[in-house]
Amino acid sequence: MAPHDNPSRSGHGRVPTAPDPLPIPVVDNHTHLDIARDGEPAPDVAAAVAQAAAVGVDRMVQIGCDLPGARFTVEVVDQHPAMLGGVALHPNEAPRLAATGELADAYAEIESLAAHPRVRVIGETGLDYYRTGPDGVAAQQDSFRWHIDLAKRTGKALQIHDRDAHDDVLRILEEEGAPEKTVLHCFSGDMAMARTCAERGYFLSFAGTVTFKNANGLRDALAVTPLDRLLVETDAPYLTPVPWRGATNAPYLVPLTVRGMAGVLGVAVPTLCQALSDNSESVYGPW
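Summary of the structure given here.

So, how was this worked out
- Residues numbered from 1 in each chain as written.
- Predicted model: local features only at pLDDT ≥ 70, side-chain atom pairs only at ≥ 80, totals over all residues.
- Heavy atoms only, no water.
- Pairing = 2+ DSSP bridges.
- Helix = DSSP H or I, 4+ residues; strand = E, 2+ residues; numbered from the N terminus.
- Axes fitted to C-alpha atoms, helices over the stretch in contact; angles between N-to-C directions.
- Buried < 20%, exposed > 50% of the residue type's maximum accessible area, 1.4 Å probe, protein only.
- Polar contact = N/O pair within 3.5 Å; in protein donor to acceptor, adjacent residues only side chain to side chain.
- Right-handed = clockwise from strand over helix to strand, strands pointing away.
- Expected span 1.5 Å × (residues − 1).
- Contact = heavy atoms within 4.5 Å.

1. Here we look at the sheet that holds strand β6 (residues 182-184)
A sheet is described by the order of its strands in space; here 8 strands give the open sequence β1-β2-β3-β4-β5-β6-β7-β8, paired in parallel fashion. Strands at the two margins of the open sheet, each flanked by one partner only, are β1 (26-31) and β8 (230-232). Along the sheet, successive strands turn relative to each other by an average axial angle of 25°, direction set aside. The sheet contact formed by strand β5 (residues 157-163) and β6 spans 3 bridges and is parallel.

Structure, rendered in structure tokens:
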């Protein structure tokens, strides 16, 4: 989850039209259908799934990153075959729960929810130094280590939120030993970090941010990422790709990001789609 897009952008207040369908179906690697943005009503899950499937986004990973979101995730993955789930405590949640003495109970509930067979992800976890000040760093890092351990104990993929914390994220993954399937969600690093992640065998998931006008560094990072390490996501309802930046995001807008990625990589759209689909099933298994 990355609630830091700028709602004053020209797309805000408009409902994006559906893009042209992709030639080969892909997976939205990370979406939040439990989150309503800017006072809007919560998304209709069945409608969101159908709308996405109509443009070639036939599978998605619903991420619940607090206790209500994790409970919601376990409910909807049972109802919708197109959805797999992820559960965790977002890095901004950990200091808050630690301060109120609720963290141990929250960990226990996340571990219980993670046992669901259609929950294939522990995440999003990680570090976010933008919204949590220095006093919360220790709690965030402890929580990150706990989630890494849970992913390894359960054999599930790990999805990482990394905001203003690149060095510490990489260091802690190295210290703890990354799970076999590790995903940097909404990748925001530079070329050097992309190369390091790929060399370590991590997957890099790119969101609509890669289409933003000022994101040249992110496009450079994408350009050096091997096809077999790539995933795509919305992080809906945030980070809507161009030309709808600032509007509410949804899984049906993934094709805009995919086509932007293909242009950066210099590959045909069907080639990229096949790689994204194959990589998703490699990480999460069959839907």
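2. Quick word on unusual backbone geometry
Across the junction of Gly123 and Glu124, the peptide omega takes the value 15°, indicating a cis bond. Checked against the element boundaries, Glu124 lands in strand β4 (residues 119-128). A cis amide bond links Ala236 with the next residue in sequence, Pro237, at an omega value of 15°. Mapped onto the secondary structure, Pro237 falls in the loop between β8 and α9 (254-265).

3. Some words on the side chain of Arg37
For Arg37, the position within the fold is in the loop between β1 and α1 (45-53). Using a relative accessible area of 4% as the deciding quantity, one classes Arg37 as buried. One polar contact links Arg37 to Asp38, side chain to side chain, over a distance of 3.1 Å. Within the structure, Arg37 has its side chain in polar contact with the backbone oxygen of Gly246 (distance 3.4 Å).

4. Description of the pairing of β1
Among the 6 residues of β1, 6 are classified as buried, and the element is accordingly described as predominantly covered. Bridge count between β1 and strand β2 (residues 57-64): 4 bridges; the pairing is parallel. When the sheet's bridge partners are listed, Asp28 is paired in β2 with Met60. Running through α1, the crossover from β1 to the neighbouring parallel element β2 is right-handed.

5. As for helix α5 (residues 137-154)
Within an α-helix, residues lying three or four positions from one another point in the same direction, as the helix has 3.6 residues per turn. Between the first and last C-alpha of α5 there are 26 Å, a value that for 18 residues agrees with the 26 Å anticipated at 1.5 Å per step. Every buried residue of α5 is accounted for by Ala139, Gln140, Gln141, Ser143, Phe144, Trp146, His147, Ile148, Leu150 and Ala151. Looking at the buried positions of α5, the neighbouring elements they touch are α3 (93-99), α4 (103-113), β4, β5 and α6 (166-176).

6. Side note on the environment of Thr125
If you trace the backbone, Thr125 turns up in strand β4. Sequence separation between Thr125 and Leu239 is 114 residues; the distance between their C-alpha atoms is 18 Å. The contact partners of Thr125, leaving out residues within four places of it in the chain, are Ala88, Leu89, Pro91, Ser143, Phe144, His147, Leu158, Gln159, Ile160 and His161. A distance of 3.4 Å separates polar atoms of two side chains, one belonging to Thr125 and the other to His147.

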